[in-house]
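# Structural features, examined
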Amino acid sequence: MNIQLWQKFDQLRKLPFSGHEGLADFFRKEGIRFASKDLPTWGQFLSARFGRSGGEVHVPEWLAGVFCALAKEASPKTICDPWAGLGFLIEALREACQPEQAVAFTQNQAAHELGKVLVPDVNWHFGEPLNLIGSLPQSLDVIASILPMNARAHHPLKVTLASGEAVELTDDLGNLVMVAASQRLSSSGVGLFVVTPSFFLKQQSVFHRFSELGLGMEAALALPSGTFAPYTNIPAYLVVVRRKPSTRMFVAQLSADMNTNLQVIANFRQGTEGGSLELGRFVAADTFRSFEYLRASEAMTAAEKRFGIQASNLAELGDVKSGIKLGRPGDEFAFQPLENAIYIPMIGSSDVVESTDELTLKPQNYAQVVIDPSRSNARFVARFLNSEFGKDLREQIKTGFIPKLNKQTLRELRVFVPDLQTQRKMLEIETRITAEHNTVMALQNEIAELRRELWANPKSAPQVQERIDALARRLAGGIKQHASESLDQWFETLPFPLASILRAWQATPTQDFKTKYEHLLHFFEGTAEFVSIILLSAFNSNEAVFAPHRQKLKETMQKQNLSFNRATFGTWKLVVEYLGKQTRALLSENGKKPEDAKNDRALCADMFADPSLSLPDALSRKELAAIFSTTNKMRNDWGGHGGVVGQEDAGLRNQQLLAEVQKLREVTADTWAETQMIHALHCRPRRGVFENEVAVLMGSNNEFLKETRAMATWLDVERLYLSKKESGKALKLLPLIQVGPSPQSAKNACYFFSRLERDGARFVSYHFTDRPELTEQFADVTETVRLLSEV
């Protein structure tokens, strides 16, 4: 951040005006000019001052870098931004490409005044862009713009097709500006525009007339969700347009990592497909629907290999005579009960059900589909469509501004249905699982009843003792041993920082209850910090999203006398509570328009580098925050105990904490079965993909397994990551946790950040007794704590 520039911004607090008022005069008097190196500082300023209400889309630094890398290839003499805002994008291009002339258009009076002050080397024009474009020179080398998103045009655009025919085009304003400007491109010129997904999906979109207009779409590069937050969370693409028709198009996924983006650009220029979808695929331009659709197609191919069968369309499983019946509004409507039928919600993500008695929405929001009994059982199809994979398949085929299913998309819905014998076997196993689960629930209820009775009536203690002895005899032997072995196996599925603490608990002598319960207290404090680091890392990956929450988080900490500088269990508990709530808000569909809910979930998936959303879902659960609150209270209560802890009290504490471990296991479920903690050893670009050799930091063994992963990201060898298997993505963790060889030995050890001191950052290890504390001058740690703490 440019501290001097920010200090000048801070002077605005003392002035009597707000918004855009007086800004141009203030910047002129202070001699403030925009420079592309200050993009992050300007981004924070605009976000803080205007939020979503300012009407100006800020270009992130990494996106400006992509624009510049693509524009340089044209060696432009003339560049233009027909929707320039404050001029930050065209100034970044001007600095990078050094053209002879740079032209900017805006129809916003305040932006025009500010732009002339902040970006004076650009030739500014005020007025409606569609009218101003006519005054442009016939040949422009680069036209680049973040176009208005889903804005209505007040009148059609009159153009001449390549055939010579004069026509009028009707579409969103941004798409019409793109066409009008692109027709001014030189023969070797390039247009770089940000568009929304509707550009490819709407039937009346000018995209479907590009060949008639003599234009070609060479590339569509998907932007990460939340690129333009807080202004909007609408998904977007950076498209590359030339003044010549093109039948194939390069499609890839951009990210905030410039190494990845440069590899994408290299693949595009060289005509090479990347090793992963994110790094590039060539598709037929006229068949492209969305990047998500391509990802779903590749996921379907992978699923077919995994299942060992080909997916069937729902229409192939349905009873031809009964067909698909859609619900209708009105109290008089009711579905006719039919055998082997399922009811699929057309909107939202409610469960598919097998009876009208189970409907949770109005009947008008369901479709009745009768399954051919010779192909499948309705219960099996419903169970599949309610699985995480099945829900993803349903979501992918929804269409419209408010995403929903219709008869056609339902017919095309893909379902994996094995032979009838396998289906019956799977349903039988499902029934057994439910029965065993009910048995365990009955035992839990019985134990809870005994506890309530004991504390409600002390005189019942002898009877409760008899009943608990009888229950213990029923559970003795194999069941207890199995439970212990199962818990041990779960320990080894956890990331190394957590598993290593539990391994220390396991290695403690059975009767040393004091040491054992202290290990478990360390485990919960370490887990709270670990979860906090993940949540902070995810939100920190999108500065525009995190900025307002950083402010509120600091205010909440100050009220409770907490800080990151001297972090405690309470600090991490608060972080989990606050950011867990914000994560649940992103995942929730309640009170949102379907399109907004979809965009928020996509943003969350990008922030956590987890397309399945299983990681943010698990780490944001209220039950997890409740576990940390309970164990933190235990720690505080027991920490204030002045006397020696007796054997009986220590044993009780160990059992109480072990119960919380079981709750934690239930809450996190199989979160760590697919998500792994990794550390990059080295990376090399090869055949359009990044081959990262990584150490997998899972389980308690400090000799980490090594493997090579083809990913869409160049991993930093000095940082730790969380990565979903086979996803090709990774979440970079903040450097508040350190894993590596101890200075005193070659053994790998884990250290958790504790606090900043005069001689550096202090870390503690909860499992490595050779050196339980580590204090060094970690510059990246100090900077991270500063960034988390500043407003």
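The following paragraphs examine the structure supplied in this document. Everything numeric here is computed off the predicted structure, so don't read it as measured data.

## Considering the overall build of the protein chain
Helices and strands together make up the secondary structure of the protein chain, namely 28 helices and 25 strands. For a compact globule of 791 residues, the expected C-alpha radius of gyration is about 28 Å, and the protein chain comes in at 30 Å, within 12% of that figure. Its C-alpha atoms give the protein chain principal-axis dimensions of about 95 × 80 × 50 Å. Here the protein chain holds 791 residues, and the buried ones make up 51% of them. Considering only residue pairs separated by 6 or more positions, the protein chain has 65% of its internal contacts joining residues 24 or more positions apart. Working note: accessible area of the protein chain is about 37,800 Å², and carbon and sulfur atoms make up 49% of it. Averaging the locations of the 90 positively and 92 negatively charged side chains of the protein chain gives two centres separated by 1 Å.

## A few points about the sheet that holds strand β9 (residues 237-242)
Taken in spatial order, the 9 strands line up as β3-β2-β1-β4-β7-β9-β8-β10-β11 in an open sheet, and their pairing is mixed. Here the strands that pair on one side only, and so sit at the sheet edges, are β3 (123-126) and β11 (281-284). Averaged over all adjacent pairs, the angle separating strand axes in this sheet is 20°, with direction ignored. As paired elements, strand β8 (residues 216-222) and β9 share 6 bridges and run antiparallel to each other. Counterpart to Ala219 in the pairing with β9 is Val240. Each of β1 (78-81), β2 (101-106) and β4 (140-146) is contacted by helix α5 (residues 88-97), which is oriented at about 165° to β1, the strand it contacts most. In the packing of helix α8 (residues 173-182) onto the sheet, the strands contacted are β4, β7 (185-195) and β9, and the crossing angle to β7 comes to about 165°.

## Let's talk about the sheet that holds strand β22 (residues 737-741)
Strand order in the open sheet formed by 4 strands is β22-β23-β24-β25, and the pairing between neighbours is antiparallel. What marks the edges here is a single partner per strand, and that holds for β22 and β25 (773-776). Looking at each pair of strands side by side, their axes are set apart by 35° on average, direction ignored. In this sheet, strand β24 (residues 760-764) lies alongside strand β23 (residues 748-757) in antiparallel orientation, the contact comprising 5 bridges. Residue pairing across strands places Glu757 opposite Gly760, the latter belonging to β24. Sheet strands in contact with helix α20 (residues 513-540) are β22 and β23, and its direction is about 80° off that of β23. With respect to the sheet, helix α28 (residues 779-789) is in contact with β22, β23 and β24, its orientation differing from that of β23 by roughly 55°.

## Looking at the nonpolar core
Counting 102 residues, the largest nonpolar core has Ile534 and Leu536 as the members making the most contacts within it. When sequence neighbours within four positions are dropped, the list of residues in contact with Ile534 reads Phe608, Leu615, Leu619, Trp672, Leu722, Leu731 and Leu733.

## Section: the environment of Asp25
Along the chain, Asp25 falls in helix α2 (residues 23-30). A residue is classified by how much of its surface remains accessible, and Asp25, at 42% relative accessible area, is partly exposed. The spatial distance from the C-alpha of Asp25 to the C-alpha of His155 is 35 Å, given a sequence separation of 130 residues.

## Examining the packing of helix α21 (residues 543-559) against helix α22 (residues 569-587)
Running from amino to carboxyl end, α21 crosses α22 at an angle of 140°, the nearest separation of the two axes being 11 Å. When the interaxial angle is binned, α21 and α22 end up oblique. Helix-helix and strand crossings are classified by hand; for α21 and α22 the assignment is right-handed. On α22, the residues touching His549, Lys552, Leu553, Thr556 and Met557 of α21 are Thr571, Leu574, Val575, Tyr578 and Gln582.

## Some details on the packing of aromatic side chains
Across all of its chains, the model carries 40 aromatic pairs by this definition. Considering the side-chain rings of Phe27 and Phe45, the 6.4 Å spacing of their centres and the 70° angle between planes classify their relative orientation as edge-to-face. With a gap of 18 residues between them, Phe27 in helix α2 and Phe45 in helix α3 (residues 39-50) connect regions that are remote in the sequence. Phe45 matches Phe27 in its accessibility class, with the two residues each being buried. Each ring, one from Phe333 and one from Phe335, has its centre 5.0 Å from the other, and the planes form 80°; the classification is edge-to-face. We note that Phe333, like Phe335, is buried. Within the aromatic cluster, the residues linked to one another by ring pairs are Phe9, Phe26, Phe27, Phe34, Trp42, Phe45 and Phe88. Positioned above the aromatic ring of Phe282, the side-chain terminus of Arg248 is 3.7 Å from the ring centre. The lysine or arginine in question, Arg289, covers the ring of Tyr293, its NZ or CZ lying 4.3 Å from the ring centre.

## What about the environment of Ala673?
Its place among the elements puts Ala673 in helix α27 (residues 671-674). Sequence separation between Ala673 and Ser486 is 187 residues, and the spatial gap between their C-alpha atoms is 15 Å.

## Observations concerning helix α26 (residues 647-668)
Residue pairs spaced three or four apart in an α-helix point in one direction, given the helix's 3.6 residues per turn. When the terminal C-alpha atoms of α26 are compared, their 31 Å separation across 22 residues agrees well with the 32 Å that a helix rising 1.5 Å per residue should span. If you check which residues of α26 are buried, you get Ala650, Gly651, Arg653, Asn654, Leu657, Leu658, Glu660, Val661, Leu664, Val667 and Thr668. Where α26 terminates, the next one or two residues include Ala669, which has phi positive at roughly 50°.

## What about the packing of helix α1 (residues 3-10) against α3?
Any two packed helices are characterised by how steeply their axes cross, that is the angle between the axes, and by the distance between the axes. Between α1 and α3, whose axes approach to 10 Å, the crossing angle comes to 20°. In this view, α1 runs roughly parallel relative to α3, as classed from their interaxial angle. Where α1 crosses over α3, the handedness of that crossing is right-handed. Here Leu5, Trp6 and Phe9 of α1 come into contact with α3, specifically with Thr41, Trp42, Gln44 and Phe45.

## Description of the side chain of Arg762
With respect to the helices and strands, the residue Arg762 is situated in strand β24. Residue Arg762 is classed as buried on the basis of its relative accessible area, which comes to 11%. At 2.3 Å, the side chain of Arg762 and the side chain of Glu773 are in polar contact.

## A word on helix α10 (residues 258-270)
With 13 residues, α10 extends 18 Å between its outermost C-alpha atoms, agreeing within 8% with the 18 Å of an ideal straight helix rising 1.5 Å per residue. What α10 keeps buried is the set Thr260, Asn261, Gln263, Val264, Ile265, Asn267 and Phe268. For α10, the secondary structure elements touched by its buried residues are α4 (61-72), β8, β9, β10 (248-253), β17 (675-686) and β18 (689-696). Within two residues after α10, Gly271 carries a phi angle of roughly 70°, on the positive side.

## What about unusual backbone geometry?
Within the chain, Gln98 stands out as a residue other than glycine whose phi angle is a positive 50°. For Ala609, which is not glycine, the phi torsion reads 55° and is therefore positive. Positionally, Ala609 belongs in the loop between α23 (594-607) and α24 (614-619). Note on Ala609: relative accessible area 9%, which makes it buried.

Rules of the game
- Residues numbered from 1 in each chain as written.
- Predicted model: local features only at pLDDT ≥ 70, side-chain atom pairs only at ≥ 80, totals over all residues.
- Heavy atoms only, no water.
- Helix = DSSP H or I, 4+ residues; strand = E, 2+ residues; numbered from the N terminus.
- Rg over C-alpha atoms; globule rule 2.2 N^0.38 Å.
- Buried < 20%, exposed > 50% of the residue type's maximum accessible area, 1.4 Å probe, protein only.
- Contact = heavy atoms within 4.5 Å.
- Areas by Shrake-Rupley, 256 points an atom, 1.4 Å probe, with all protein chains shown as cover.
- Lys, Arg positive; Asp, Glu negative; His and termini not counted.
- Charge placed at Lys NZ, Arg CZ, Asp CG, Glu CD.
- Pairing = 2+ DSSP bridges.
- Axes fitted to C-alpha atoms, helices over the stretch in contact; angles between N-to-C directions.
- Core = buried A, V, L, I, M, F, W, Y, C linked by side-chain atoms within 4.5 Å.
- Parallel < 35°, antiparallel > 145°, perpendicular 65-115°, else oblique.
- Left-handed = near helix turned anticlockwise from the far one by under 90°.
- Phe/Tyr/Trp six-rings, centres within 6.5 Å; stacked < 30°, edge-to-face > 60°.
- Lys NZ or Arg CZ within 6 Å of the ring centre and 35° of its normal.
- Expected span 1.5 Å × (residues − 1).
- Polar contact = N/O pair within 3.5 Å; in protein donor to acceptor, adjacent residues only side chain to side chain.

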